[in-house]
There are 2 protein chains.
Amino acid sequence: MSLRTGIATVCLSGTLPDKLAAAAHAGFDGVELFEPDVLGTPMSPDEIRQLCAELGLSVDLYQPFRDVEGAPAERFEITLRRARRVFATMQELGCDLVLICSSTAPDTIDDDELAAAQLRQLAELAQEHGLRICYEALAWGIHVSTWEHSWRIVERADHPALGICLDSFHVLSRTREFSGIAELPGERIFFLQLADAPKMDMNVLQWSRHYRLFPGQGAFDVVGFTRAVLEAGYSGPLSLEVFNDVFRQSPPALTAADAHRSLTNLEAALGPVPTGSGPHGSAMQSSDMHSSETHSSETRSSETSRSHTRGAEARLLPAAPSPGTFAFVEIEATPSSALQLRSVLRSLGFTWTRTHRTKPVTLWEQGDARLLLTITAHPDTSGPHTRIAAIGLDTSDVDAAAARLRALDAELLPRVVSEQETAMPAIASPDGTGVFFCPTRGGAGGQGWLDDFLRTDERANTGQPDAAGSTEASLTNVDHVSLTQPFDRFDESILLFRSLLDTSAPASAEHAGPFGLVRSQEFSPQDGLRLVLNASVLRRGSWSPGVLSPQHIALRTEDVVQAADRMHAAGAPVLHISPNYYADLAARLGLYEDFVESLRSRNLLYERDGEGGECLHFFTPVLGSQVYFEVVEYRGGFSGFGTADTPIRMASHAAQRRAALLSHT
Amino acid sequence: MSLRTGIATVCLSGTLPDKLAAAAHAGFDGVELFEPDVLGTPMSPDEIRQLCAELGLSVDLYQPFRDVEGAPAERFEITLRRARRVFATMQELGCDLVLICSSTAPDTIDDDELAAAQLRQLAELAQEHGLRICYEALAWGIHVSTWEHSWRIVERADHPALGICLDSFHVLSRTREFSGIAELPGERIFFLQLADAPKMDMNVLQWSRHYRLFPGQGAFDVVGFTRAVLEAGYSGPLSLEVFNDVFRQSPPALTAADAHRSLTNLEAALGPVPTGSGPHGSAMQSSDMHSSETHSSETRSSETSRSHTRGAEARLLPAAPSPGTFAFVEIEATPSSALQLRSVLRSLGFTWTRTHRTKPVTLWEQGDARLLLTITAHPDTSGPHTRIAAIGLDTSDVDAAAARLRALDAELLPRVVSEQETAMPAIASPDGTGVFFCPTRGGAGGQGWLDDFLRTDERANTGQPDAAGSTEASLTNVDHVSLTQPFDRFDESILLFRSLLDTSAPASAEHAGPFGLVRSQEFSPQDGLRLVLNASVLRRGSWSPGVLSPQHIALRTEDVVQAADRMHAAGAPVLHISPNYYADLAARLGLYEDFVESLRSRNLLYERDGEGGECLHFFTPVLGSQVYFEVVEYRGGFSGFGTADTPIRMASHAAQRRAALLSHT
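What counts as what
Residue numbers here run from 1 along each chain, matching the order of that chain's written sequence. Each chain gets a letter, beginning with A, and each ligand a number, beginning with 1, in the order they are written. Local features in this predicted model are restricted to residues whose pLDDT is 70 or higher, and side-chain atom pairs enter the listing and the counts only when it is 80 or higher, whereas totals over whole chains, interfaces and linings include all residues. Only hydrogens and water are set aside when side-chain values are computed; all heavy atoms of the structure are taken into account. Two rings from Phe, Tyr or Trp (for Trp, the six-membered ring) form a pair when their centres sit within 6.5 Å of each other. Planes less than 30 degrees apart are called stacked, planes more than 60 degrees apart edge-to-face, and all others tilted. The secondary structure listing takes helices from DSSP runs of H or I that are at least 4 residues long and strands from runs of E that are at least 2 residues long, numbered from the N terminus. When accessible area is computed with a 1.4 Å probe and restricted to protein chains, residues below 20% of their type maximum are described as buried, those above 50% as exposed, and intermediate ones as partly exposed. Definition used: whenever NZ (Lys) or CZ (Arg) falls within 6 Å of the ring centre and also within 35 degrees of the ring normal, the charge is taken to sit over that ring. Note on scores: pLDDT gives the predictor's confidence for each residue, bounded by 0 and 100. Residue contacts are counted whenever heavy atoms from the two residues lie within 4.5 Å of one another. Here, a salt bridge means any side-chain nitrogen of Lys or Arg that lies within 4 Å of a carboxyl oxygen of Asp or Glu. Just so you know, the count uses Lys and Arg for positive and Asp and Glu for negative, and it drops His and the chain ends. Residue count minus one, scaled by 1.5 Å, sets the expected span of a helix. Only C-alpha atoms enter the line fits that serve as axes; for helices the fit covers just the stretch in contact. Angles between N-to-C directions range over 0 to 180 degrees. Crossings are sorted by hand: turned counterclockwise from the far helix by less than a right angle, the near helix makes the crossing left-handed, and turned clockwise it makes it right-handed. Classification used: nonpolar for Ala, Val, Leu, Ile, Met, Phe, Trp, Tyr, Cys and Pro, charged for Asp, Glu, Lys and Arg, polar for all others including Gly. Orientation labels follow simple angle bins: below 35 degrees gives roughly parallel, above 145 gives roughly antiparallel, 65 to 115 gives roughly perpendicular, and whatever is left gives oblique. At least two bridges found by DSSP between two strands is the condition for calling them paired. Accessible surface is computed with a 1.4 Å probe, and the buried area is the amount of it that two parts give up when combined, taken over both parts together.

Trainee: Which parts of the structure should I look at to understand the packing of aromatic side chains?
Mentor: Aromatic rings in a pair are described by how distant their centres are and how their planes are angled relative to each other. Residue and element names in this part refer to chain A. If you walk through the whole model with that rule in mind, you get 32 aromatic pairs over all chains. For the pair Phe 169 and Trp 207, a centre-to-centre distance of 5.3 Å together with 75 degrees between the ring planes defines the contact as edge-to-face. Pair noted here: Phe 169 is in helix H7 (residues 168–172) and Trp 207 is in helix H8 (residues 204–211), with a separation of 38 residues, a long-range link. Of the residues examined, Phe 169 reaches a relative accessible area of 0% and is grouped as buried. Through a chain of ring-to-ring contacts, three or more aromatic side chains come together here, namely Phe 328, Phe 436, Trp 449 and Phe 453. Note that Arg 132 overlies the ring of Phe 190, its terminal NZ or CZ placed 4.3 Å from the centroid.

Encoded structure:
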């Protein structure tokens, strides 16, 4: 399949040239021009056409044209007057299609016959200008609010220059039943607008104007919807129209790249679609020709080449390499923080087992948990600094991973790799954390990343035995890692990780932290690899004495009580949990006093799921600037990440940090 | 009337001590302890009680206690177990009242008899502990969701330790009819929670959890509701419970001050309420006594003194001094920007008429429009800088104004006033702009502020005649001023200006700017004094190449065409409006070509209101860093501020600024 891609200028922030440049750089083939963007720019329509041509963008749609059908006679006269003006502008813009959205005017007459007649009249006028119009049912149209109704009117009007426009939001915000779309004559579907959205129980107009998302970022079945439209024989572009308060003020280049990635994913998810299989597929080609007739030659040629490339990319988007587990988690720290981390790792039972051949990176192991500790070149002048610099994912087919990253237009991480080193494709997530796809030891990927490290004789290196770690391990593996993403790139982050791991994303949760609400998105592609992405619900201001971007590594154990005691004996720092929590817990769940005491004395948080599964876990304070550890045991097939008590954990971190600051002054 | 004030800890950001300190400093008498705040803090209940006592705060309520009534037998057993735990905690906290909110548990049995029996049993248990419980109907309670229903159950349970809790949100989010509340026996209303909210068409639970506001900031009739509760004979505290995403992450001291001001306004708006006039008023005193029985002695004494003060304050909140017009608008600029402004003011027809006796401030006049131009001490090193430093409001009774500002706990602006100078009470609005209340010339206030300025012989000072201004004036007065407030202090700003001007605030509008959505709130206390407050809908990030906090002064004229031509001839800089706008305008409104041409040639924006009123206006580019001017003519009694084309104006400013930046590089 080779589908052209488009984006509405209203999706992007900035002036019109900002938006067009961002769309072109992201790889879009065309744009929908949002009328206010045209009315507000000092550029003339012809200058806009020129710029689009230079950028290799076709102008696929001019929108919106409101309150046409069902207008009282005198208002319809004004409508025709406006239409002539708009059509003239479109000719200058090199755009042959305008969007008519169903009327919301209070004086609109509820009469399909009148509506059809007026649309036919407008279509006739458009045809005289060599243009076409497409009619779309707004979910909140005063009389016409469903695609079926808009189609009945278009059918009734029966004019070659009149078709319908389908918008996934307007359909999916009202219903999950859209199978009838596949039966439409494809050549009468003049345009397809795509948007996703989170499930929300609110006024549909507000929902649409503020909370739309790109496909794959929300809860709608945009894939199924798009497939139905393609099965009908639609052959125009997949064009994004997303109204979103955050995207409206985010850097347009980032938003556009995110948007384009959403279509790459969508095309891949569509799989082979029998394009043209629709009852009227045969007519598509001509309609497709027609739609590009008015494009300037430069534009058309560039389109063609592009769309071929895109098609190729789309066909070639490789399946996700199904990473098995965390190969490693790399923590970067300034010298003094590294010293602290090193002693904490020992107290948690880790052993320094290897050292990188060429870099200041040490490998710490316990069970299947592998942590890399990297000392940064940055001095400690600006205070302690720690961060999760990268996560490594055990990957069977590294080349497939690399191909997929390229196809996803993901920001590849530049890396200096010496001869002996294993090449690992890697990208930077929006928060800067690297995501590495690592050849498994002895896997099909050939050389394993561990070969980049030399075995360490710990005693020889440190002069001190490492009883805690080397002998009996308490921890089995890394259970999950949580990262904090930038506020205005959270939805982008979710889509990126969904597409990297080829997994679904359940609805995100919200936790009430002491310094604001935190959104949290969990990923469980498979048991061995679980991730959590967090972000504040609103961008934080100057009042945020908390840790701005906490990151944490959850370490799995089979016996958290034994682990806690062993680690406590080894001097591990533990996050203090309020006695008030335990008093409530005992009464709330009716636990035996001695069991609660065993939790309290170890600062263990405890929760039960519906099926009697249990989660017992404790945390370290935040070490350095951002990073803390969790040690967790799941009993009885506990499902989830044990986040029910997150507000308690956050308040405890805030209180402990406050106390620490006091002790430093 | 002397009402105690309270605030729920959930309204404020930070750790529990942060919240308590903020509440005390803002002048609250007591607090509601939100259970998660208690469970999350390392402080023991007794330590919390101690801290509250030291801060002079009573602990008025412990909340929430969920899913009590209608519980199946075995779940109710667990409820009783939890209740014993909570009651013990409350005794340590020195709190005698707990909030029971109506059940939302799916397994809740819909049986008022059972509900009453269970609440009675819980009340009996509470009484044994010397405590009381109050029952509140959540707007989304599974079976009980109205205050009437909750009252029927409480009446049926008929236990002295059981009363109802009324929450303005839960009532007003469902109905505007609440007159029946005034008929309730006041001594059975154990607690009153107050919250306002904007009108929103969405899931009531989400509305409540994210968008509550303080009284006076939203659309609810909180005043009428409170009056009804007081008429019933309620004598407990007015306690705020506001869940708001922004307040959750804002500096708690600011939020608490804002919250307290909302109650000061509310008390003033209540006017004389025949407290105790309720059918059972006589019983109040005892219930009031009871409610303070469990408070530590320190607390009680401090309460008493406080509540007396508060009562006094409340009684004494003076009426707003009804400012007539803008006495002046003061623009502050760095030297180079001042030079530019000076020439712009001349080109707009202003004349330099006076100079301040002691400060580097010049007065520029035209008609009744008076602008002050102040040159800052700041050098130009960090680029051009301009801002509206202050607005002066002609005030009949300056002393009353000063008293009102004090009563409103407004942040008084420290000012160095020399002997000869007129003392003008002033406050700083959240964006830092000063608001001065100025004695009118010859007004009752005695000495007029103009006397601080010496007449200037312009020619003598500048050596150049000032034809444009001195001869025929084009402008009559300052029509309105718009200021940009910080994102997270917008609701606070609205309440502050509402209370300063004693005016109402219509629903705020939203404008789609090139770099994000902008909220806009208009104030029209009277014709001569109109204000607009703006703020971005979301805090802006690094991508905000626009002017972050634009401010503007709209100047009124009787003939905008003549004014435009005269100013253009005098070299006034004018904001260029896209020809595309005029092409659309002509078609949209069916205007004569020559009229449209007269608009286009002068870059005039044009709009009509429903009654045929017209607004014609043009703008200057942004001068320096933040400030621009508007020249506006209203025809045929146009209503409003002429903001229909704001997105066009914003896009034009963005484009012109972009072009200016290019020309500088």
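Trainee: Before we go on, may I ask you to explain the confidence of the model for chain A in this structure?
Mentor: Regions with low pLDDT carry predicted coordinates that are not meant to be interpreted in detail. All names here are of chain A. Averaged over all residues, the pLDDT of chain A is 88; the fraction at 70 or higher stands at 89%. Predicted confidence for residues 277–315 stays below pLDDT 50, and this span has 66 contacts to residues more than four positions away or in other chains. Considering only residues more than four positions removed or in separate chains, one finds that residues 463–470, a stretch of pLDDT under 50, has 15 contacts. Predicted complex metrics record ipTM = 0.89 and pTM = 0.90.

Trainee: Hey, could you run me through unusual backbone geometry in this one?
Mentor: Negative phi values dominate among residues other than glycine, just as trans dominates among peptide bonds. Residue and element names in this part refer to chain A. Between Gln 63 and Pro 64 the backbone carries a cis peptide bond, its omega angle lying at -10 degrees. Looking at where Pro 64 falls in the secondary structure, it is placed in strand E3 (residues 58–65). Its identity as a non-glycine residue notwithstanding, Asn 603 has a phi of 55 degrees, on the positive side. Within the secondary structure, Asn 603 is located in the loop between helix H20 (593–600) and strand E22 (605–608).

Trainee: In this structure, what is going on with the pattern of salt bridges? I would like to understand it.
Mentor: Where charged atoms of side chains with opposite charge meet at close range, the side chains can pair. Inspection of the entire model under this criterion finds 46 salt bridges over all chains. Glu 633 of chain A serves as the salt-bridge partner of Arg 635 of chain A, at 2.9 Å between the closest nitrogen and oxygen. Relative accessible area serves as the criterion here: at 26%, Arg 635 of chain A is assigned to the partly exposed category. Of the charged contacts in the structure, one is a salt bridge between Asp 584 of chain B and Arg 588 of chain B, with a shortest N-O distance of 3.0 Å. Of the two residues, Asp 584 of chain B and Arg 588 of chain B are both situated in helix H19 (residues 579–589); the distance of four residues between them amounts to about one turn of the helix. Accessibility expressed as a relative area gives 5% for Asp 584 of chain B, which makes it buried. The exposure class assigned to Arg 588 of chain B is partly exposed, which follows from its relative accessible area of 29%. One salt-bridge network, in which partners are shared between bridges, spans Glu 35 and Arg 82 of chain A together with Asp 584 and Arg 588 of chain B.

Trainee: Can you help me understand the side chain of Glu 365 of chain A in this one?
Mentor: Residues and elements named next belong to chain A. For Glu 365, the location among the structural elements is in strand E11 (residues 361–366). Although buried, Glu 365 forms no salt bridge, and the nearest oppositely charged side chain, Arg 370, lies 4.5 Å from it. Excluding its chain neighbours within four sequence positions, the residues that come into contact with Glu 365 are Gly 349, Phe 350, Thr 351, Thr 353 and Arg 370.

Trainee: Can you help me understand helix H10 (residues 252–270) of chain B in this one?
Mentor: Side chains that are three or four residues apart share a direction in an α-helix, a result of its 3.6 residues per turn. Taking 1.5 Å of rise per residue, the 19 residues of H10 of chain B would be expected to cover 27 Å, and the 27 Å separating its terminal C-alpha atoms lies within 8% of that figure. Phi turns positive, to about 65 degrees, at Gly 271 of chain B, one or two residues after H10 of chain B.

Trainee: For this particular structure, what's the right way to read the packing of helix H10 (residues 252–270) of chain A against helix H17 (residues 490–501) of chain A?
Mentor: Two numbers describe a pair of packed helices, the interaxial angle and the distance between the axes. Residues and elements named next belong to chain A. Where H10 meets H17, the closest approach of the two axes is 10 Å, and the angle between their N-to-C directions is 35 degrees. Two packed elements cross with a definite hand, and for H10 against H17 that hand is left-handed. Together, Asp 258, Arg 261, Ser 262 and Asn 265 of H10 and Glu 492, Leu 495, Leu 496 and Ser 499 of H17 make up the contact between the two elements. Looking at the contact of H10 with H17, its residues break down into two nonpolar, three polar and three charged.

Trainee: Please clarify how the packing of helix H19 (residues 579–589) of chain A against H20 of chain A should be interpreted in this entry.
Mentor: All names here are of chain A. For the pair H19 and H20, interaxial distance at closest approach is 10 Å and the crossing angle is 150 degrees. It follows that H19 is roughly antiparallel to H20 by the angle criterion. For H19 against H20, the interelement crossing comes out right-handed. Touching Tyr 582, Leu 585 and Ala 586 of H19 are Glu 593, Val 596, Leu 599 and Arg 600, all from H20.

Trainee: Sorry, what's going on with the pairing of strand E22 (residues 605–608) of chain B here?
Mentor: Across a regular strand the side chains alternate sides, sitting on one face of the sheet and then on the other. Residues and elements named next belong to chain B. Summarising the sheet, E22 and strand E23 (residues 614–619) pair through four bridges and their orientation is antiparallel. For Glu 607, the partnering residue across the bridge sits in E23 and is Cys 615. The loop that links E22 with its antiparallel partner E23 comprises five residues; one of these, Gly 612, has a positive phi angle of about 80 degrees.

Trainee: So what exactly am I meant to see when it comes to the interface of chain B and chain A here?
Mentor: When the parts come together, some accessible area is lost, and that loss is often what is quoted as the size of the interface. Between chain B and chain A, the contact holds 60 residues from the first and 60 residues from the second. Here chain B packs against chain A, burying approximately 4800 Å² in sum over the two surfaces, 59% of which is carbon and sulfur. On the chain B side of the contact with chain A, Leu 39, Gln 249 and Trp 543 of chain B bury the most area, a combined 14% of that side's loss. Counting every contact that joins chain B to chain A gives four salt bridges.

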